[in-house]
Amino acid sequence: MDEGEAREPGTPAAELADYLPRPGSVTVFSAAWCGYCTALKAGLARAGTEVREVMIEEDPAAERIAIAANGGDWLIPTVVFSDGSIRVNPGVRGVSERLQQIDDGV
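Anyway, here's the lowdown on the structure attached to this text. Not measured: the values here are computed from a predicted model.

Description of the overall build of the protein
Logical step 1: The secondary structure content of the protein amounts to 4 helices and 5 strands.
Logical step 2: In sequence order, the secondary structure elements of the protein are arranged as β-α-β-α-β-α-β-β-α.
Logical step 3: Residues counted as buried form 41% of the 106 residues belonging to the protein.
Logical step 4: Accessible surface for the protein amounts to roughly 5600 Å². Of this, 49% is attributable to carbon and sulfur atoms.

Concerning the pairing of strand β3 (residues 51–55)
Side chains on a regular strand alternate between the two faces of the sheet.
Logical step 1: Of the strand pairs in this sheet, strand β2 (residues 26–30) and β3 are connected by 5 bridges, and their pairing is parallel. By the bridge assignment for β3, F29 is matched with V54.
Logical step 2: Following the backbone out of β2, through helix α2 (residues 35–47) and into the adjacent parallel β3, one traces a crossover that is right-handed.

A few points about the nonpolar core
Logical step 1: Counting 16 residues, the largest nonpolar core has Y19, F29, A62 and I76 as its most contacted members.
Logical step 2: In terms of residues, this core owes the most to one element, helix α3 (residues 60–69), which gives 5 residues.
Logical step 3: The contacts of A62, once residues within four sequence positions are left out, are Y19, F29, V54 and I56.
Logical step 4: V28, F81, V95 and L99 belong to the second largest nonpolar core, which has 9 residues in total.

Concerning unusual backbone geometry
Logical step 1: Across the junction of I76 and P77, the peptide omega takes the value 0°, indicating a cis bond.
Logical step 2: With respect to the helices, strands and loops of the structure, P77 is situated in the loop between α3 and β4 (78–80).
Logical step 3: The phi angle at N89 is positive, at roughly 50°, despite the residue not being glycine.
Logical step 4: Turning to its location among the elements, N89 is positioned in the loop between β5 (86–88) and α4 (92–103).
Logical step 5: A relative accessible area of 26% places N89 in the partly exposed class.

Considering the pattern of salt bridges
Logical step 1: Counted by the stated rule, this structure contains 4 salt bridges.
Logical step 2: Of the charged contacts in the structure, one is a salt bridge between K41 and E53, with a shortest N-O distance of 2.2 Å. Pair noted here: K41 is in helix α2 and E53 is in strand β3, with a separation of 12 residues, a long-range link.
Logical step 3: With relative accessibility at 19%, the residue K41 sits in the buried group.

Some words on the side chain of S30
Logical step 1: Structurally, the position occupied by S30 is in strand β2.
Logical step 2: A residue is classified by how much of its surface remains accessible, and S30, at 0% relative accessible area, is buried.
Logical step 3: Only 3.3 Å separates the side chain of S30 from the side chain of K41, close enough to count as a polar contact.
Logical step 4: Ignoring sequence-local partners within four residues, the contact set of S30 consists of C37, K41, E53, V54, M55, I56 and I76.

What counts as what
- Residues numbered from 1 in each chain as written.
- Predicted model: local features only at pLDDT ≥ 70, side-chain atom pairs only at ≥ 80, totals over all residues.
- Heavy atoms only, no water.
- Helix = DSSP H or I, 4+ residues; strand = E, 2+ residues; numbered from the N terminus.
- Buried < 20%, exposed > 50% of the residue type's maximum accessible area, 1.4 Å probe, protein only.
- Areas by Shrake-Rupley, 256 points an atom, 1.4 Å probe, with all protein chains shown as cover.
- Pairing = 2+ DSSP bridges.
- Right-handed = clockwise from strand over helix to strand, strands pointing away.
- Core = buried A, V, L, I, M, F, W, Y, C linked by side-chain atoms within 4.5 Å.
- Contact = heavy atoms within 4.5 Å.
- Salt bridge = Lys/Arg side-chain N within 4 Å of Asp/Glu carboxyl O.
- Polar contact = N/O pair within 3.5 Å; in protein donor to acceptor, adjacent residues only side chain to side chain.

So, in structure tokens, the structure goes:
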């Protein structure tokens, strides 16, 4: 899988709704031991992007969403945007670009 690959959420919209962030911010499905998650969250903080972190090992619903969004695989960080789009293991630039697309109505 390519870094930051877009995945369609394979989960009911009602279940995803609890994790949709405000416009301009993101929800990151993460785990404490995940170095990629830590790096992404730090980079987003430096970029001034508001992040809601959800620890998927502690939230079964979030874990199901991440697995469904990743085609049955348990991959993190999984990033949820306000429009319901999801990116798998994106870099800070990928997150910023997607936020800009959402702002532009793309």
